[in-house]
Amino acid sequence: MPHLHRRALLGGAALLGGAAALAGGSPGRAWAQAPAAPGPFRLDPLPYPAAKNEPHIDAATMELHHDKHHAAYVANLNAALKDHADLAAKPLPEMLGGLSSVPDSIRTLVRNNGGGHANHTMFWQIMGGEGGKPSGEVAAAIERDLGGYDRMTADFNAAGGRVFGSGWVFVTVDADGKLALVTKPNQDTPLMDGQKVLMGNDVWEHAYYLKYNNRRPDYLRAWWNVVNWPKVAERYAAAKAGTLAI
Ligand code: MN
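Source: prediction; values computed, not measured. (Residues numbered from 1 in each chain as written. Predicted model: local features only at pLDDT ≥ 70, side-chain atom pairs only at ≥ 80, totals over all residues. Heavy atoms only, no water.)

What about the packing of aromatic side chains?
Inspection of the entire model under this criterion finds 12 aromatic pairs. Consider the rings of Phe156 and Trp223, whose centres lie 5.7 Å apart with planes at 5 degrees: the pair is stacked. Linking Phe156 in helix α8 (residues 149-162) with Trp223 in helix α10 (residues 216-223), this pair joins segments that are 67 residues apart in sequence. Given a relative accessible area of 0%, Trp223 falls into the buried group. Connected via pairs of aromatic rings, a cluster forms that spans Phe123, Trp124, Tyr149, Phe156, Trp168, Phe170, Trp223, Trp224 and Trp229. Sitting over the face of the ring of Tyr212, Lys211 holds its NZ or CZ atom 5.9 Å from the ring centroid. (Phe/Tyr/Trp six-rings, centres within 6.5 Å; stacked < 30°, edge-to-face > 60°. Helix = DSSP H or I, 4+ residues; strand = E, 2+ residues; numbered from the N terminus. Buried < 20%, exposed > 50% of the residue type's maximum accessible area, 1.4 Å probe, protein only. Lys NZ or Arg CZ within 6 Å of the ring centre and 35° of its normal.)

Here it is, written out as structure tokens:
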């Protein structure tokens, strides 16, 4: 399990860094300002091993996607916010929902990298599951608003297939639990429109090219096999309770 081994090594390195900083005498700030991750945002580890989505999404794709692509969005976002402490103090959804008030000089950086951070944070959460079909309130909402599971997945896959170049396909959820299908280019997110995301799939080539090459429709169909419906149900409940952040 090279992936787990590497995680263990990284964990050890972080502990060593923390211990050195503690010896330096400013324990509180040492963790927040570790040299490897300056800035307000950080990359959380994948919530499951990289091979968890095999065979539908290969471990190498998961590792590259999380450890390189998502990591770059976080690093670039932190770099963009370096001299903007007031903005950096805002929660990410608020920052993305108010892009017009972000200074011109960093607006595109915040849009692309902040959007990328939000989108991927959601994405890892709702995968690593067993697929199958939703149940309970989410299933009822899909039936009511999106024509049921079969119709919803067909429409979602078709919409994802129509995204030209890089982008995302989402199901949004409002405070009343109403669902809608939305696509966005690049790393844009419905958070930029003040909406909440229930779930979404990444149709950038980096999400599937190693295994599926140019066959995006095959990837879109296979992706449903790794959806974590219990996690989606948690997000649905949180959206209705007003506590869904990203
Ligand atoms: Mn991606």
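Side note on the coordination of the manganese ion
Taken together, His65 (NE2), His120 (NE2), Asp202 (OD) and His206 (NE2) make up the protein donors of the manganese ion, found 1.9 to 2.1 Å from the metal. Look at where the donors of the manganese ion fall in the sequence and you get H-x54-H-x81-D-x3-H. With His120 in helix α6 (residues 104-125) and His206 in the loop between β3 (196-202) and α9 (209-212), this residue pair connects regions lying 86 residues apart in the sequence. (Donors = N, O, S within 2.8 Å, 3.2 Å for Na, K, Ca; no water.)

Some details on α8
Relative to the 20 Å expected for 14 residues at 1.5 Å per residue, α8 spans 20 Å between its end C-alpha atoms, a close match to the ideal helical length. When α8 is considered as a whole, its buried residues turn out to be Tyr149, Met152, Thr153, Phe156, Asn157, Ala159 and Gly160. All buried residues of α8 project into a common sector of 165 degrees when viewed along the axis, lining one side. The outward face of α8, more than 90 degrees from its buried face, is lined by the exposed residues Asp150, Arg151 and Arg162. At its buried positions, α8 is contacted by α7 (136-146), β1 (167-173), β2 (179-185), β3, α10 and α11 (229-241). (Expected span 1.5 Å × (residues − 1). Arc of directions from axis to C-beta. Contact = heavy atoms within 4.5 Å.)

Quick word on the environment of Val232
Take Val232: it is sitting in helix α11. Here the alpha-carbon distance between Val232 and Met122, two residues 110 residues apart in the chain, equals 9.9 Å.

Digging into the nonpolar core
Counting 46 residues, the largest nonpolar core has Met199, Trp223 and Trp229 as its most contacted members. Among the secondary structure elements, those contributing two or more residues to this core are α3 (59-80), α6, α7, α8, β1, β3, α10 and α11. Both domains that furnish three or more residues to this core are identified here as domain 1 (6-125) and domain 2 (136-241). Ignoring anything within four residues of it in the chain, the contact list for Trp223 reads Ile57, Phe123, Ile126, Met127, Phe156, Met199, Gly200 and Asn201. (Core = buried A, V, L, I, M, F, W, Y, C linked by side-chain atoms within 4.5 Å. Domains from an automatic or database assignment.)

Some details on the sheet that holds β3
Read from one edge of the open sheet, three strands run β2-β1-β3, paired in antiparallel fashion. The open sheet has two free edges, formed respectively by β2 and β3, since each of these has just one partner strand. Across the sheet, the mean angle separating the axes of adjacent strands is 25 degrees when strand polarity is ignored. The sheet contact formed by β1 and β3 spans six bridges and is antiparallel. Within β3, the position partnered with Val171 by the bridge is Met199. The strands that α7 touches are β1, β2 and β3; relative to β2, the one it contacts most, it runs at about 80 degrees. The strands that α10 touches are β1 and β3; relative to β3, the one it contacts most, it runs at about 130 degrees. (Pairing = 2+ DSSP bridges. Axes fitted to C-alpha atoms, helices over the stretch in contact; angles between N-to-C directions.)

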